[in-house]
Amino acid sequence: MPGMVLFGRRWAIASDDLVFPGFFELSLRVVWWIGILTLYLLHRGKLDCAGGVLLSSYLIVLIVLLAVIICTLTAIVCVSMKGTICNPGPRKSMAKLLYIRLALFLPEMGWASLGAAWIADDIRCDKTVVNGIIATVVVRTQIWCPATLRRASPFSISNRTTSGTARSLMRSSAIPQAPPSCRTRTAEYDLVGGDQLSCHFGSILQTTGLQYRDFIHISFHDKVYELPFLVALDHRKESVVVAVRGTMSLQDILTDLSAESEDLNLECGVQDCSAHKGISQAARYVYQRLINDGILSQAFSIAPEYRLVVVGHSLGAGAAALLAILLRSSYPQVRCYAFSPPRGLLSKSLYEHSKNFTVSLVLGKDIIPRLSVTNLEDLKKRILRVIAHCNKPKYKILLRGCWYELFGGDPDNLPTELDGGAQGHLTQPLLGEQSLLTHGSPTYSFSSDSPLESPAKYPHLYPPGRIIHLEEEGTSGRFCRAAARYSARWAHESQFSKILIGPKMLTDHMPDVLMKALDSVVSDRAAYVFCPPGGGSNVDVV
């Protein structure tokens, strides 16, 4: 893990990062060496021409030089495979091997230049031999240039992760699906900002199957703390639906990153009404638009008997949950369905309060419903400790990860931590030569800005409402997804108190993946939802 020291400076590449690039170059060198050796053995009897002695000498020296380089590369790969991530001791000879490998570039380039010069002298020998030597010069140049760039690069492996309206919102929060044609006629709905050709709205129409007359208000206005949203009538469910878009722009990301806590000053009889600052301000923006601009009043004037439903995905799910809390005093029957909401959203009391009217859906190991400032701090510490106690070389971990991504399997089949009683050391501070952090270093000691040392600024926050967890039954890889099946069950928020590392921690958050899993559960008659813990709920799950 520590960067290698070469030429008096530390590089951003570790001694165990050379297995794959070294093996790649070694493969090319072996193929090249076999080709040159075969060329020499088959045509050495045809080198009795003018200049043939030079060509024969050139091929012999090139064969020997390539053999030395192959031996050096083999040693580099073998040494790079030794030890573990935080135990570079068995790889201490790597620096010397790299110096040798770099030194071999000089005679190799010099000999290639001489070969080019001799060929340019119009040597009249067998054309196969001459063309073979020209090919060696060209191949040598092509190999040397990328290899030089690769070694000069500062990067390395160690541095390199409800209704039809709800469905439309989730899909459009990832990549808007353009309809066959964008409409330019005058709209029958209230449209705000950014959709002059009605392309985004055409996507919503296509995915929901709703009509123009079903939409009350659509806003594509997008700034920090100001999210796009729409209001529509779902006649099938007899609902006025408010849908809030998820993260899709730089402004949305800045809203996500405003992770400090702020009080909501609610009049709902709940103490400690604190929430994620950026999302709470975004929810207040939508609330003010809905109430002050009379958007909801207009909707209920058309369908007074309908109920109010608020939905959203990701950032939009967090804003929808807070929006439902703000609207509950005026619309007591409001319901919220939050798809993949962020964890660091509500205080404990607001979390308990939201259970009466909010349902969250989480798929698999989705990172966002487990994401909070305190969880990130915990993840950092766990990663450092696991790395420090890892008993497997890096290349094995990477190979196993690729296999798991392609073909599925259980990652626990290849444990990467110390066995037995040594597991207890994972909860202790990192000490000794294998420690990544040292006492007294600014990385080890928490500063005043640490989330764990600033409970007022970064208190422990919770996800909204009751949680339905969609879990994949069995495992599947990239080539084995056809048989994927999911089950749904009620889950406690404590099940999402830690960030889980896995190949699907990001893809499980994608709205199209979540919708496919949800469709699979709904269509599978064998799938069911267990009763929520602690008794029934007032939330209607539809």
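These figures come from a predicted structure and were not determined experimentally. Each residue is numbered by its place in its chain's sequence as written, counting from 1. Predicted model: local features are reported for residues with pLDDT of at least 70 only, side-chain atom pairs are reported and counted for 80 or more only, and whole-chain, interface and lining totals are derived from all residues. Processing note: side-chain calculations cover all non-hydrogen atoms of the structure and skip hydrogens and water entirely.

Let's talk about the nonpolar core
In this structure, Val-231, Val-240, Leu-290, Leu-296, Leu-308 and Leu-322 are the most contacted members of the largest nonpolar core, which totals 46 residues. A run of H or I in DSSP becomes a helix once it reaches four residues, and a run of E becomes a strand once it reaches two; helices and strands are each numbered from the N terminus. Of all the elements in the fold, those that place two or more residues in this core are β5 (229–234), β6 (239–244), α9 (277–292), α10 (295–302), β9 (307–313), α11 (315–327) and α12 (348–354). Here this core takes 10 residues from α11, the largest share from any one element. Whether two residues are in contact is decided by their heavy atoms: any pair within 4.5 Å suffices. Beyond its immediate stretch of four places on either side in the chain, Val-231 contacts Phe-215, Ile-216, His-217, Val-240, Val-241, Val-242, Leu-290, Ile-295 and Ala-299. Side-chain atoms within 4.5 Å are what join buried Ala, Val, Leu, Ile, Met, Phe, Trp, Tyr and Cys residues into a set we call a nonpolar core. Each residue gets one of three labels from its accessible area relative to the maximum for its type: buried under 20%, exposed over 50%, partly exposed in between, using a 1.4 Å probe on protein chains only.

Overview of the pairing of strand β13 (residues 485–491)
Within β13, five of the seven residues are buried, which leaves the element mostly enclosed by the surrounding structure. When DSSP finds at least two bridges between two strands, those strands are taken to pair. Sheet topology note: the strand β12 (residues 466–473)/β13 ladder contains seven bridges and is antiparallel. Considered in β13, the bridge of Glu-473 is made with Arg-485.

Brief notes about the pattern of salt bridges
Think of a salt bridge as a Lys or Arg side-chain nitrogen and an Asp or Glu carboxyl oxygen that are within 4 Å of each other. Here the structure, examined in full by the defined rule, presents 16 salt bridges. A salt bridge links Glu-377 to Lys-380; its shortest N-O distance comes to 3.4 Å. Taken together, the positions of Glu-377 and Lys-380, both in helix α13 (residues 373–388) and three residues apart, correspond to about one turn of that helix. Residue classification places Lys-380 among the partly exposed residues on the basis of a relative accessible area of 40%. Between Arg-489 and Glu-471 there is a salt bridge, with the nearest N and O atoms lying 3.0 Å from each other. Highlighted residues: Arg-489 in strand β13 and Glu-471 in strand β12, separated in sequence by 18 residues. A relative accessible area of 29% places Arg-489 in the partly exposed class. Judged by relative accessible area, which is 29%, Glu-471 ranks as partly exposed.

What to know about the environment of Ile-253
Relative to the assigned elements, Ile-253 resides in helix α8 (residues 250–257). For Ile-253, a relative accessible area of 40% translates into the label partly exposed.

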